[in-house]
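Okay, here's what each chain looks like letter by letter:
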Amino acid sequence: MSDPAAPTLAGAKRIVVKIGSALVVDADTAAPRTAWLASVAADVAALRAAGAEVVLVSSGAIALARRALGLTRRALRLEEKQAAAAVGQIRLAGAWQEALAAHGMNAAQLLLTLEDSEDRRRYLNARATISTLLGLGCVPVINENDTVATAEIRFGDNDRLAARVAEMIGADALVLLSDIDGLYTADPRKDPAAAHLPAVERITDEIMAMGGEPPPGYSSGGMRTKLIAARIATGAGCAMAIALGKRDNPLAAMLEGARCTWFLAAPEGRTARKRWIAGSLAPLGVLRVDAGAARALLRGSSLLPAGVRAVEGDFGRGDPLSVQDESGREVARGLSAYDADAARQIAGHRSEELEAILGWRGRDEIIHRDDLVLLAPG
């Protein structure tokens, strides 16, 4: 199944790397694996020097605090996991900050839940924060918000969370660092005839059936959750790799040709979300724009408040809107960066005036081009 067209990290401009607890935390000491973290930070620095942006999705908070809190038995109650996460999250963030700072990089901590990627308003907030951090040269370090999670603290959430983050920020590649160098036709620990798959073009039922049980120890992920993550990422147009993480400099090893499994991005993935915006959302309001704004949209620009002549409807931030020109023709649909009241206040005003009008600094765009779909021909 080797495919010469399979992606590589070398061509990716925005990369999400998911790292499990078993890689971050030493099982014997319950302390961060500082030398290994330093090697990953060196890899991140090299990728950034080559022009890529990197986001880390790191587990390990609960594992880092278990022993310090005397929570050493395998099965913990929900409230014990939440308490451990509250203590361990500080240690996890500190470990990454130390490792990244050694290479002149600033770490930024974000705690998310899967719901943050599914609720439109929270999705927009999270995406804007991550994009701003990347623009400022930071390395976002994201983890599940386990201190307030309920059902979220369960089997394999950070695999899926990493895929959701990759989808959210339009990543080119998602790397799941694991205790195995990719997908096999069967569990190689049990079946010596299991064959490694270098590339997977489509995630079929047959591929899903190759998922196994989660490994023992602190790590909560398993191959099946990685395949679920692959479905999410590739469906959004992001290639995904499962690679061996237990070696030092695992990302550099991938660049040097180390064995892994690449899941190819679905060809239609990049346009799927915009088709959803265009065809599946019932607009909750209307923005009427002048001729100059309509022309700018057709050239691929975002919709700025200055071009909006009227705001109709009662909508919230993240809700779908219809964009119509002065004749009433619908030219686009998109997700609003403001609620209806704020949109009415800033309509017709230049972006640099918005803070004085609203009393707070919001988005420059009323609909960002990433959240906008053109419906009328130019």
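Here goes a summary of the coordinates provided.

About the cut-offs
- Numbering of residues starts from 1 in each chain and follows the order in which that chain's sequence is written.
- Under the rules for a predicted model, residues below a pLDDT of 70 receive no local features and side-chain atom pairs below 80 are neither given nor counted, while totals for whole chains, interfaces and linings still include all residues.
- Heavy atoms from the whole structure form the basis of all side-chain values; hydrogens and water molecules are not counted.
- Starting at the N terminus, helices and strands are each numbered in turn, a helix being any DSSP run of H or I of at least four residues and a strand any DSSP run of E of at least two.
- Calculation of accessible area relied on Shrake-Rupley with a 1.4 Å probe; when residues are assessed, cover is drawn exclusively from the protein chains displayed.
- When accessible area is computed with a 1.4 Å probe and restricted to protein chains, residues below 20% of their type maximum are described as buried, those above 50% as exposed, and intermediate ones as partly exposed.
- Only strands that DSSP links by at least two bridges are regarded as paired with each other.
- Between the N-to-C directions of two axes lies an angle of 0 to 180 degrees, each axis being a line fitted to C-alpha atoms and, for a helix, fitted only over the stretch in contact.

1. Observations concerning the overall build of the protein
For step 1, the next point in the chain: Looking only at helices and strands, the protein features 13 helices and 15 strands.
For step 2, the next point in the chain: Accessible surface, the protein: about 16600 Å² in total, of which carbon and sulfur atoms supply 51%.

2. Overview of the pairing of strand 11 (residues 285-289)
For step 1, the next point in the chain: Of all 5 residues that make up strand 11, 4 are buried, and the element is covered over most of its length.
For step 2, the next point in the chain: Relative to strand 13 (residues 320-324), strand 11 is paired through 4 bridges, and the arrangement is parallel. Within strand 13, the residue paired with Gly285 across the bridge is Leu321.

3. Some thoughts on the pairing of strand 5 (residues 173-178)
For step 1, the next point in the chain: Of all 6 residues that make up strand 5, 6 are buried, and the element is covered over most of its length.
For step 2, the next point in the chain: Covered by surrounding structure in strand 5 are Ala173, Val175 and Leu177 together with Leu174, Leu176 and Ser178, the residues of both alternating faces.
For step 3, the next point in the chain: Sheet topology places strand 1 (residues 14-19) next to strand 5; 5 bridges connect them, and they run parallel. Paired with Lys18 across the strands is Leu176, a residue of strand 5.
For step 4, the next point in the chain: Where strand 5 and strand 9 (residues 239-244) come together, 6 bridges link them in parallel fashion. Paired with Ser178 across the two strands is Leu244, which belongs to strand 9.

4. Considering the sheet that holds strand 15 (residues 372-374)
For step 1, the next point in the chain: Read from one edge of the open sheet, 5 strands run 12-11-13-14-15, paired in mixed fashion. Of all strands in the sheet, those with a lone pairing partner are strand 12 (308-313) and strand 15, marking the two edges. The average undirected angle you get between the axes of adjacent strands in this sheet is 20°.

Geometric values such as these leave the question of function open.
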